[in-house]
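Listed below, chain by chain, are the residues.
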Amino acid sequence: MTVPTQDPGLGSGFHPAAAPHTADEVRGSSLGDLMRQVTTDLSTLMRQEVELAKAEIRQEGKKAGKAAGLFGGAGFGGYMVALFLSLALWAGLSNVMDAGWAGLIVAVIWAAIAAVLYSMAKKNAQHVRGLRQTNDSVQRIPDALKPHPEGVTR
């Protein structure tokens with residue numbers, strides 16, 4: 001009987017061909033060997049799941065960071081809109097001069113920039129999809145390894 005590798009990397013670890021397949025192979029193994037193999041396999045499985053989760057978190061974190069940066073740009077653009085609209089209204093009402101209308105034009109430009117940044121941020125935020133691979137992989141863990149709410153009966 002061979003023991004699966006214990007590589008923590010993705011795509012390595014448990015190899016089904018290395019596990020005993022026949023009743024004779026299982027009968028020929030001691031209980032200690034079988035328990036060691038189960039423990040090793042569970043340890044390898046858990047390490048692989050953690051590595052998969054880490055990789056997915058890094059990928060999704062980059063997408064979320066980009067979306068957050070764009071939302072930040074949209075927020076700054078909104079701030080500039082409020083600033084220039086306030087300045088334009090102030091200048092327009094106090095002097096009724098061309099300088100006020102120039103401030104209004106700048107505010108409209110900032111409003112357009114903020115709208116573009118917001119739409120880009122919203123589109124990028126929709127691409128953040130969570131930990132799909134890890135969730136799918138964990139779903140395939142046999143039911144025997146999952147805790148049951150009704151407890152163990154003997």
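Quantities reported herein were computed from a predicted structural model and do not represent experimental measurements.

Turning our eyes to something else, we now look at the overall build of the protein chain. Summing up its helical and strand segments, the protein chain has 4 helices and 0 strands in all. For the protein chain, the sequential pattern of α-helices and β-strands runs α-α-α-α. Within the span of the protein chain, comprising 154 residues, buried residues form 22% of the whole. When contacts within the protein chain are restricted to residue pairs at least 6 apart in sequence, those whose partners lie at least 24 apart make up 75%. When the accessible surface of the protein chain is totalled, it reaches about 10900 Å², and 65% of it is carbon and sulfur.

This paragraph deals with the side chain of Glu60. Within the secondary structure, Glu60 sits in helix H2 (residues 31-95). If we ignore the near neighbours within four places in the chain, the residues touching Glu60 are His127, Val128, Arg129 and Gly130.

The next thing to look at is the packing of aromatic side chains. Applying the stated criterion across every chain yields a total of 2 aromatic pairs. Between Phe76 and Tyr79, the ring centres sit 6.4 Å apart and the planes meet at 35°, which makes this aromatic pair tilted. Of this pair, Phe76 and Tyr79 both sit in helix H2, 3 residues apart, roughly one helical turn. On the basis of relative accessible area, Phe76 is assigned to the partly exposed category, the value being 45%.

Here the focus is the pattern of salt bridges. Counting across every chain of the model gives 3 salt bridges. A salt bridge links Arg36 to Asp33; the shortest N-O distance between them is 2.6 Å. Separated by 3 residues within a single helix, Arg36 and Asp33 lie in helix H2, roughly one turn from each other. Judged by its relative accessible area of 27%, Asp33 falls in the partly exposed class.

This paragraph deals with the confidence of the model for the protein chain. On average, residues of the protein chain score 76 in pLDDT, and 75% of them reach the 70 mark or higher. Long-range and interchain partners of residues 1-14, a stretch whose pLDDT sits below 50, account for 38 contacts in this model, where long-range means more than four residues apart.

Another aspect to go through is the environment of Tyr118. Among the structural elements, Tyr118 can be located in helix H3 (residues 98-125). Taking relative accessible area as the criterion, Tyr118 reaches 44% and is therefore assigned partly exposed. With residues up to four places along the chain from it excluded, the contact list for Tyr118 reads Phe71 and Ala74.

Assignment of secondary structure puts Glu56 in helix H2. Residue classification places Glu56 among the buried residues on the basis of a relative accessible area of 1%. In contact with Glu56, other than residues within four places in its own chain, are Arg129, Gly130, Leu131, Arg132, Gln133 and Thr134.

What counts as what
- Residues numbered from 1 in each chain as written.
- Predicted model: local features only at pLDDT ≥ 70, side-chain atom pairs only at ≥ 80, totals over all residues.
- Heavy atoms only, no water.
- Helix = DSSP H or I, 4+ residues; strand = E, 2+ residues; numbered from the N terminus.
- Buried < 20%, exposed > 50% of the residue type's maximum accessible area, 1.4 Å probe, protein only.
- Contact = heavy atoms within 4.5 Å.
- Areas by Shrake-Rupley, 256 points an atom, 1.4 Å probe, with all protein chains shown as cover.
- Phe/Tyr/Trp six-rings, centres within 6.5 Å; stacked < 30°, edge-to-face > 60°.
- Salt bridge = Lys/Arg side-chain N within 4 Å of Asp/Glu carboxyl O.
- pLDDT = per-residue confidence, 0-100.

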